[in-house]
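Residue strings, one per chain:
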Amino acid sequence: MDVTDVILRDHTWFRSQFIALFNLYAETDPDLAAIEAIWKPLADRLDVHAAAEEEIFYPQLLAKGEDDPEDETLDAIGDHNEIRDGVRDAARHQLASEQWWAAVLETRKANDEHMAEEEREGIADFRQHADPALRERLGQKLEAYLDGHPTTEGVDIEDKDPEQYVDEIESELHPNDDGSQERRTDGSLGIGSLRGQRA
Amino acid sequence: MTSPNHLLRGHAPIPDRAWKTIDAEARERLTPLLAARRLVDWVGPGGWRHDAMPLGRTDTVPAPPAGLDTTGVLLRRRRVQPLAEYRVAFTVSRAEIDDIQRGSRDPELDDLARAAQVAAELENRAVLNGWAAADIEGVGEVSPYAATALGDDCSAYPGLVAVAVDQLRQNGIEGPYALAIDPARYTAIVSTTEHGGYPLMDHLGRVLESGSVVRSPGLTGALVVSQRGGDFLLDVGQDISVGYHHHDAEQVHLYLEESFTFKVAEPDAAIALT
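Residues numbered from 1 in each chain as written. Chains lettered and ligands numbered in written order. Predicted model: local features only at pLDDT ≥ 70, side-chain atom pairs only at ≥ 80, totals over all residues. Heavy atoms only, no water.

## Here we look at the overall build of chain A
Heads up, the condition is: A run of DSSP states H or I qualifies as a helix once it reaches four residues; a run of E qualifies as a strand once it reaches two. Both are numbered from the N-terminal end. For this analysis, residues touch if any pair of their heavy atoms sits within 4.5 Å. Computed by Shrake-Rupley with a 1.4 Å probe, the accessible areas treat only the displayed protein chains as cover when residues are assessed.
If you tally the helices and strands in chain A, you get seven helices and zero strands. Across chain A, helices and strands are ordered from the amino to the carboxyl terminus as α-α-α-α-α-α-α. Residue pairs in contact within chain A that sit at least 24 positions apart in sequence constitute 78% of those at least 6 positions apart. Summed over all atoms, the accessible surface of chain A reaches about 9700 Å², with 46% contributed by carbon and sulfur.

## Here we look at the interface of chain A and chain B
Just so we agree on the cut-off: Defined in terms of a 1.4 Å probe, buried area is the accessible area two parts forfeit on being brought together, summed over both. Take a side-chain nitrogen of Lys or Arg and a carboxyl oxygen of Asp or Glu: if they are within 4 Å of each other, that pair is a salt bridge. Throughout this description, a polar contact denotes any pair of N or O atoms lying within 3.5 Å of each other; where both atoms belong to protein, one of them has to be capable of donating a hydrogen while the other can accept it, and for residues adjacent in sequence the pair is counted only when both atoms sit in side chains. Note that Gly is not counted as nonpolar here; it falls among the polar residues with everything else outside the nonpolar set of Ala, Val, Leu, Ile, Met, Phe, Trp, Tyr, Cys and Pro and the charged set of Asp, Glu, Lys and Arg.
Counting residues at the interface gives 26 residues for chain A, matched by 36 residues for chain B. Interface area lost by chain A to chain B is led by Asp186(A), Leu189(A) and Arg195(A), which between them contribute 30%. For the interface between chain A and chain B, the tally reads two salt bridges. The shortest N-O distance in the salt bridge between Glu66(A) and Arg17(B) comes to 2.1 Å. Seen at the junction of chain A and chain B, the total is ten residue pairs in polar contact (both at pLDDT 80 or more). Elements with a minimum of two residues in the side of chain A that touches chain B: helix H2 (32-64), helix H3 (69-91) and helix H7 (162-173) of chain A. Grouping the constituent residues of the side of chain A that touches chain B by class yields seven nonpolar, nine polar and ten charged.

## A few points about the sheet that holds strand E7 (residues 222-226) of chain B
All names here are of chain B. Heads up, the condition is: One bridge is not enough; two strands pair if DSSP finds at least two bridges between them. Note on method: axes are straight lines fitted to C-alpha atoms, helices fitted across the in-contact stretch only, with angles between N-to-C directions ranging 0 to 180 degrees.
The mixed open sheet is built from four strands, whose spatial order is E6-E5-E7-E11. Each edge of the open sheet is held by one strand with a lone partner, namely strand E6 (213-215) and strand E11 (270-273). Neighbour-to-neighbour, the strand axes of the sheet open up by a mean angle of 20°, direction not taken into account. Pairing between strand E5 (residues 177-181) and E7: five bridges, direction antiparallel. Each residue of the ladder has a partner; that of Tyr 177, found in E7, is Ser 226.

## Description of the pattern of salt bridges
This is how the line gets drawn: Exposure classes here rest on a 1.4 Å probe applied to the protein chains alone. A residue is buried below 20% of its type maximum, exposed above 50%, and partly exposed in between.
This structure, assessed with the given rule, holds 30 salt bridges over all chains. Between Asp41(B) and Arg195(A) there is a salt bridge whose closest N-O contact spans 2.2 Å. With Asp41(B) in strand E1 (residues 41-43) and Arg195(A) in the segment after H7, this residue pair bridges two chains. Of the charged contacts, one joins Arg169(B) and Asp166(B) as a salt bridge, the two residues approaching to 3.7 Å between their closest N and O atoms. Of this pair, Arg169(B) and Asp166(B) are both found in helix H6 (residues 157-170), three residues apart, which corresponds to roughly one turn of the helix. Assessed through its relative accessible area of 41%, Arg169(B) is described here as partly exposed.

## Concerning the packing of aromatic side chains
Applicable threshold: What counts as a ring pair is set by centres within 6.5 Å for rings of Phe, Tyr and Trp (its six-membered ring), and what kind of pair is set by the plane angle: stacked under 30 degrees, edge-to-face over 60, tilted for all other angles. Look at NZ for Lys and CZ for Arg. If either is within 6 Å of the ring centre and within 35 degrees of the ring normal, a charge sits over the ring.
Considering all chains together, one arrives at ten aromatic pairs over all chains under this definition. Judged by centre distance (5.1 Å) and plane angle (75°), the ring pair of Phe57(A) and Phe126(A) falls under edge-to-face. Remark: Phe126(A) occurs in helix H5 (residues 122-129) and Phe57(A) occurs in helix H2; sequence separation between them is 69 residues. Three or more aromatic residues joined by ring pairs make a cluster, and in this case those are Phe22(A), Tyr25(A), Trp39(A), Trp100(A) and Trp101(A). Over the ring of Trp19(B) we find Arg9(B), and its NZ or CZ is 3.9 Å from the ring centre.

## Brief notes about the environment of Thr274(B)
One can find Thr274(B) in the segment after E11. Distance in space between the C-alpha atoms of Thr274(B) and Thr148(B) is 6.1 Å, their sequence separation being 126 residues.

## As for the packing of helix H1 (residues 16-30) of chain B against helix H3 (residues 94-102) of chain B
All names here are of chain B. The condition is simple: Should an angle fall under 35 degrees it is taken as roughly parallel, and over 145 as roughly antiparallel, whereas 65 to 115 is taken as roughly perpendicular and any remaining angle as oblique.
Contact geometry of H1 with H3 gives a least axis separation of 8 Å together with a crossing angle of 105°. With respect to H3, the element H1 is oriented roughly perpendicular. Of the residues in H3, those touching H1 at Arg 17, Ala 18 and Thr 21 are Ile 97, Ile 100 and Gln 101. Residues of the contact of H1 with H3, tallied by class, amount to three nonpolar, two polar and one charged.

## A closer look at a negative patch on the surface
Note the cut-off: The patches described consist of residues with a relative accessible area above 30% and no salt bridge, like charges being joined within 9 Å and nonpolar side chains (Val, Leu, Ile, Met, Phe, Trp, Tyr) within 5 Å. None of His or the chain ends enter the tally, which takes Lys and Arg as positive and Asp and Glu as negative. To locate a charge, take NZ of a lysine, CZ of an arginine, CG of an aspartate or CD of a glutamate.
Taken together, Asp161(A), Glu163(A), Asp167(A) and Glu168(A) make up a surface patch of like negative charges. Its location among the elements puts Glu168(A) in helix H7.

## A short note on H6(B)
Residue and element names in this part refer to chain B. Note the following rule: In this analysis, the expected span of each helix is defined as 1.5 Å times one less than the number of residues it contains. Comment: arc refers to directions from the helix axis out to C-beta atoms.
Helix length check: H6, at 14 residues, gives a terminal C-alpha distance of 20 Å against a target of 20 Å (1.5 Å per residue), a fit within 8%. Looking only at H6, the buried set comprises Tyr 157, Pro 158, Val 161, Ala 164, Val 165 and Leu 168. All buried residues of H6 lie within an arc of 125° about the axis, which places them on one face of the element. More than 90 degrees from the buried face of H6, the exposed residues found are Val 163 and Gln 170. Tucked inside the fold, the buried residues of H6 contact E5, helix H7 (183-190), helix H8 (200-207), E7 and E11.

Right, dumping it as structure tokens:
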């Protein structure tokens, strides 16, 4: 499956789960077990989804995107941090308390904004400019990552500095002209030694 | 390695696609012009914060800190060769950047081409001819051999180069060897065939023991240089980079930047031809 379809499949699921959750909020005597049954896997998946995108999708968007992928990625990592912060904030409050619902609502707003922006920008850019075979391969990797992490165990759920993330990924993705994979982190053109090369 | 933030590229009104185009064009323009890098050993890049080349030598410090009796104490100070920096300014029109974003595949980056020529000639000249103001002694400057007149008759070059190669070999300097030569004479060599139609370039290649003739913009005259390695060290801090200075409504003002120094370890390994 195309990596962008894998991402969109998760987006659809996120939207449906938040709707189901806030349907319970509207009830006069909400079922706590039902709330937890929706929120726990949703919270875990939000974290795992963000980590999976950062591991698999955004590095390739930086490499193949042409509609300012750096800006798209900076926005996305910032959004992921807000979503992670929302999940962490909810975990600090009693389930279904007003503070808990407020934290979950903030998480939902951050996620809604992120998904809309990602669908409009990063995903559209990648669909337009990345090779279909690459998108398919990445889709397989993303599905394997998501299937392999049903919870956040073993997943990096820490906030990331967006600029540092982009700098590090760009350094890794832009090999030198001689094809070597030596990291170039100095912002140079990477011309280096031409010893023995003929003009 | 240091952060590239000092280049301020993130502050330029240049989208990612246009940055890639500008970088690719700079690389494409510079690479064929950077002759010195084809001839000398490379050290680095050490990054923007790399200040100096260690020389492994010391000077005597004439006096201790005031008030101390240091009888019998040896006082020395390490010698280093500081890196020089250059920035060559150029501009890219914002209209051109817009066209690159639209998908233009024939960007007009003429001022970048001019800057690349200046940057490459500066590096070539510093390494091959020397740059006294930056404490760089060039390959030709420190050669102990009497310079030979090369002249403009390129049919005589194989004989002159053969004599130079023989002189190096007699001094224990092994090959292969390379001939660095200014662009005008290089063009003459490329376009010349000897009696029987044998290309002059091929003849020179055999004289140089399979070494190459290197077109060297910025070089005055020519040099026969050993390519055995270890004789010439180009120490680069920040390798050539494109940075951002400022912009206005019409133009984005950028620059090419590099920090480097150069040291000849074995002066006997090259002969200048004037």
